[in-house]
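# Observations on the three-dimensional arrangement
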Amino acid sequence: MSAPVNALGYLVTRSLVNGLLSRLRRLRQPKYLLGAILGAAYFYFYFGRLLGGSRMPWGTGGGPAAPHRPEIGAAILFVATIVLSWILPASRAAIGFTEAEIAFLFPAPISRRTLVIMRLVKSQAALLLFSAFMTLISGRFHLGSEAWLRVGGWWVIMNTLNMHRLGASFALQRLRERGMADGKRRVFVVLAIVAFAVLVEFMRRRLPTPPDLTAALSGRGNVMDYLVQVLHTGPLRQVLAPFKLIVAPNFAHDAATFLRALLPALGIMALHFIWVVRADVSFEDASIEAAKKRAAFLAARGRGELRARGKSDKARTPLWRLRPTGFAPLAFVWKSLLKSGGRRTLGRWAAFFAVLASGAFALGRVDRLTHPLIVTAFVIGGGCYIALLVSFVMIGQHSAAQLRQGIAAMDLLKTYPIPGWQIALGELAGPVLLGSLMQWCSLCIGLMLLSIAPPLHSHLGIIAAIGGGIALLLPTFNLSTAILPCAGALLFPGWFRPQENAGPGLENTGMKLILGTAQLLAVVVAMIPVAFFGAVAWFAFGKITALTEWRALVAGGTAMLILAMEAGLGIAWLGSLYDNFDVSSEP
Amino acid sequence: MIAVEGLTKLYGDITAVSDLTFTVEPGKVMGLVGPNGAGKTTALRCMSGIIPTTHGRIEIEGSDLRDDPLAAKKLLSFFPDEPRLFDYLTVRQHLEFTARLYQVRDAVARSRELLDALEMSDKADALPAELSRGMKQKVALACGFLHQPRAMFFDEPLTGLDPLAIRRTKDLIAQKARDGAAIIISSHLLHLLEEVCSHVLILKRGKKIAHGTLDEIRAEHREGGRESTLEEIFIRLVGEDAGK
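Only a predicted model underlies this, so the values are computations on that prediction, with no experimental measurement involved.

## Brief notes about the packing of helix α1 (residues 2-26) of chain A against helix α5 (residues 112-137) of chain A
All names here are of chain A. The interhelical angle for the contact between α1 and α5, taken along N-to-C directions, is 30°, at an axis separation of 10 Å. Between α1 and α5 lies a crossing whose hand is right-handed. Here α1 contributes Pro 4, Leu 8 and Val 12 to the contact with α5, which in turn contributes Thr 114, Met 118, Val 121 and Lys 122.

If you want it as structure tokens, here you go:
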């Protein structure tokens, strides 16, 4: 077994050194150097505060009033994760190998058991990094040397969980091979939990009296303290005991306590290790499939797509039949709508919004809204406004991603007998159209729900006018915000596709920060003339009529015209960039 | 020698390969052909121990792949259709890594010979990102040849190579056969297989529909007194599946 493990050590260390050297060499290019400096600064200012002693808002407090609370909470989370690892998995047991590892290791003279050990060994670096990260974000690096105890504690927890998940997947695979269906197994696990609960209830009389729940619920006590008492006394204490042993090192405050807690935790970890490596289960087929999927996902991400297209994708029905002649950009819109799911998916979205809109309309007709109805209205309305806010950024980014994919096929695009501006317009119009439709729906539903608030009843006209003005602005605003990242992708293709060859890193984070800031600044600059002329129209029209509704609509319309002019100029600029794009330039 | 008896591979209810039996003697090259989805890659993966078989027995030079997988795997090499290399290992480091896996004692000298033979010596310190597809294919070949396997499985080894690289790869395969290796090649390039292979096995929907030496197959499927090419025989046998 030593030869394969040695080989793995060689692979990991050489890959690490070569990867670092490759990244360092890349810093000779100014864009990567600048990105690395900014990325390092970002990480320093973001995490440096923690290293200096601040806690994140969600950092653990663990006051003396409830000494067992965090430990019990962690143990319960552990139990829940373990239970889920027996209920959820629906696919065959797979181990996370890369395609290269499969190509080299699977046909090599390495036993199945050694392959499992190699994978467990290889996962240690990631688990250690994750443990350090968890310690960092829970604000424990301010503890000095004690922080490393926490890293050790997290490492034990993550390793045990990792091995338990793997062992569970092996056991489930064996059950499947013996003919037990996934549904039957899930029912079995749930029934086992229910049976345990029934057993506890049955034996209740012999157990210590549980704490008073009514006092906790009526406000005379604390619900959390009640739960801690229940879990710290009676049979649940014994049930949670092994899980508490695993999380205990993470709650030790000095080296001696840590070491005392570490021994039993390591014992449980070792039992898991034996369980996993002794399970002689066929994982090869599923691992190959998983590696292929992962490679496809990474390739899709490199192309700027949100997900990899799998074999399960079915042919989609277009929204309309595309005629062979006519305005060429419409073909791009047609293709984009088809890519977004075609008639079926878009129909589902339309139905979803129609249901929400009907609900919002019905809520508006109710005379006296009850508490649950108010909560429902608040959730739906809040969701709509959040979606609207997010879309302001997302539509531009999504359009840029679409265009980046276009750049990947630039060889083909350049052969089309149509001017560049038509290609640019076509590529952007699809996502902008879809995004704007979704925004209109969200805005419409949000405004309908806003109108049910009693203080706003007398201002419904103004609300509708402002909403109408915003709705007028949205398509041109989306088009304008999409133009800049697209132009960036055409002007600096290397900046916009850093993930293809490099993966995450300081320099990529820095480059994303630069691009994000540049985009924000450009949007602000582009909005200055829009806001100026919109304001001029508002005040000028105020001399003709005092009706706020009409003034809002005219101001919105004027702003839309200015934005449309800007968008037109932007599309013409993008077109010239397309026409002059050198496909041999650095990707 | 590669000896396969009753090789069957099931994926749930789907039969990928069904009851395949044949042998490839040392020094012989067998072409494994069939339409897309016929089960060629699955059969090759089973024979090289990458995935377990559902039923059947596979022996490499007398070592049973199921009973003594390590001994059998020491004697074989699998060459996938797409060369999959480690992103951050140089060409030389790929060979060093492979040598460690197979415990090749004279790896340094042998690596040098292989890199010279494949005209890759000047690329020894290059990372995969700096290599063309053909060069990556050569790295995969060098790694596969390093431990001097007695059984070799090639899955579409000529796809994506330029004419010169195709010629070199064919020569290398023929050379390995002359050195006594038993070789199985899966490929759609039938006219090239005719040049390299001594035997052919045609698969259709996981089942063997023809097997024998090239001459036997040609003699068996003569049409109008004229000897047919492998391509003509293949199209005749697999019929409607050929274009799928």
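So that's the structure; there's more coming.
## Points about the pairing of strand β4 (residues 55-60) of chain B
All names here are of chain B. Pairing analysis gives five bridges linking strand β1 (residues 2-11) to β4, with the strands arranged antiparallel. Bridge pairing links Glu 5 to Arg 57 in β4. Sheet topology note: the β4/strand β5 (residues 63-64) ladder contains two bridges and is antiparallel. Paired with Glu 59 across the strands is Asp 64, a residue of β5. Between the antiparallel neighbours β4 and β5 lie two residues, among them Glu 61 with a positive phi of about 50°.

## Considering the interface of chain B and chain A
Contacts between chain B and chain A engage 31 residues on the former and 31 residues on the latter. Considering only the surface of chain B that becomes buried against chain A, Arg84(B), Tyr88(B) and Leu101(B) emerge as the three largest contributors, covering 25% of it. Here chain B and chain A share two salt bridges between them. Two residues, Lys9(B) and Asp285(A), come together in a salt bridge whose shortest N-O distance is 2.7 Å. Viewed at the interface, chain A and chain B are joined by seven residue pairs in polar contact (both at pLDDT 80 or more). When contributions to the side of chain B that touches chain A are tallied by element, the ones reaching two or more residues are β1, α2 (69-74), β6 (76-79) and α3 (91-102) of chain B. A total of eight residues in the side of chain B that touches chain A trace back to one element, the largest contributor, which is α3(B).

## Observations regarding helix α1 (residues 40-47) of chain B
Along α1(B), six of the eight residues are buried, which leaves the element largely enclosed by surrounding structure. Residues of α1(B) that are buried: Lys40(B), Thr42(B), Ala43(B), Leu44(B), Cys46(B) and Met47(B).

## Considering a nonpolar patch on the surface
Residue and element names in this part refer to chain A. Taken together, the side chains of Leu 34, Leu 38, Tyr 42, Phe 43, Tyr 46, Leu 506 and Leu 513 define a hydrophobic patch exposed on the protein surface, amounting to about 560 Å² of accessible area. Those elements that place two or more of their residues in the nonpolar patch are α2 (30-52) and α21 (506-542). Here the nonpolar patch takes five residues from α2, the largest share from any one element. Mapping Leu 506 onto the fold places it in helix α21. For Leu 506, a relative accessible area of 37% corresponds to the partly exposed category.

## Points about the confidence of the model for chain A
Residue and element names in this part refer to chain A. Across chain A, pLDDT averages 79, with 82% of residues at or above 70. This model gives residues 55-65 a pLDDT under 50, and the stretch forms 13 contacts once residues within four places in sequence are excluded. The low-confidence segment residues 498-502, where pLDDT is below 50, has 11 contacts with residues more than four positions distant or belonging to other chains.

## What about the sheet that holds strand β9 (residues 199-204) of chain B?
Residues and elements named next belong to chain B. Taken in spatial order, the six strands of this open sheet run β6-β7-β8-β3-β9-β10, and their pairing is mixed. This sheet does not close on itself; its edge strands, each paired only once, are β6 and β10 (207-213). Averaged over all adjacent pairs, the angle separating strand axes in this sheet is 15°, with direction ignored. Here strand β3 (residues 29-33) pairs with β9 via four bridges, running parallel. Paired with Val 33 across the bridge in β9 is Ile 202. Relative to β6, helix α5 (residues 133-145) is tilted by about 170°, and along the sheet it contacts β6 and β7 (151-155). The sheet strands contacting helix α6 (residues 163-178) are β3, β7 and β8 (182-186), and the helix crosses β8 at an angle near 150°.

## Here's the deal with the environment of Gly510(A)
Tracing the backbone through its elements, the reader meets Gly510(A) in helix α21. Spatially, the C-alpha atom of Gly510(A) lies 9.6 Å from that of Phe43(A), the residues being 467 residues apart in sequence.

## So, the nonpolar core
By size, the foremost hydrophobic cluster in this structure holds 132 residues, and its most contacted members are Phe170(A), Met47(B), Phe97(B), Phe153(B) and Ile184(B). Examining the composition of this core, we find that nine residues originate from one element, helix α6 (residues 146-177) of chain A, more than from any other. In this view, Met47(B) contacts Val4(B), Leu7(B), Phe22(B), Ile58(B), Ile60(B), Leu65(B), Leu76(B), Phe153(B) and Ile184(B); residues no more than four positions away in its chain are not counted.

## Quick look at the packing of aromatic side chains
Per the stated rule, a full pass over the model turns up 17 aromatic pairs over all chains. Consider the rings of Phe352(A) and Phe353(A), whose centres lie 5.6 Å apart with planes at 65°: the pair is edge-to-face. Residue class for Phe352(A) comes out partly exposed when judged on its relative accessible area of 43%. Phe353(A) gets classed as buried once you look at its relative accessible area, which sits at 12%. Ring plane angle 5° and centroid distance 4.3 Å describe the contact between Phe79(B) and Phe154(B), whose orientation is recorded as stacked.

So, how was this worked out
- Residues numbered from 1 in each chain as written.
- Chains lettered and ligands numbered in written order.
- Predicted model: local features only at pLDDT ≥ 70, side-chain atom pairs only at ≥ 80, totals over all residues.
- Heavy atoms only, no water.
- Axes fitted to C-alpha atoms, helices over the stretch in contact; angles between N-to-C directions.
- Helix = DSSP H or I, 4+ residues; strand = E, 2+ residues; numbered from the N terminus.
- Left-handed = near helix turned anticlockwise from the far one by under 90°.
- Contact = heavy atoms within 4.5 Å.
- Pairing = 2+ DSSP bridges.
- Buried area = accessible area lost by both parts, 1.4 Å probe.
- Salt bridge = Lys/Arg side-chain N within 4 Å of Asp/Glu carboxyl O.
- Polar contact = N/O pair within 3.5 Å; in protein donor to acceptor, adjacent residues only side chain to side chain.
- Buried < 20%, exposed > 50% of the residue type's maximum accessible area, 1.4 Å probe, protein only.
- Patch = residues over 30% accessible without salt bridge, like charges linked within 9 Å, V, L, I, M, F, W, Y side chains within 5 Å.
- Areas by Shrake-Rupley, 256 points an atom, 1.4 Å probe, with all protein chains shown as cover.
- pLDDT = per-residue confidence, 0-100.
- Core = buried A, V, L, I, M, F, W, Y, C linked by side-chain atoms within 4.5 Å.
- Phe/Tyr/Trp six-rings, centres within 6.5 Å; stacked < 30°, edge-to-face > 60°.

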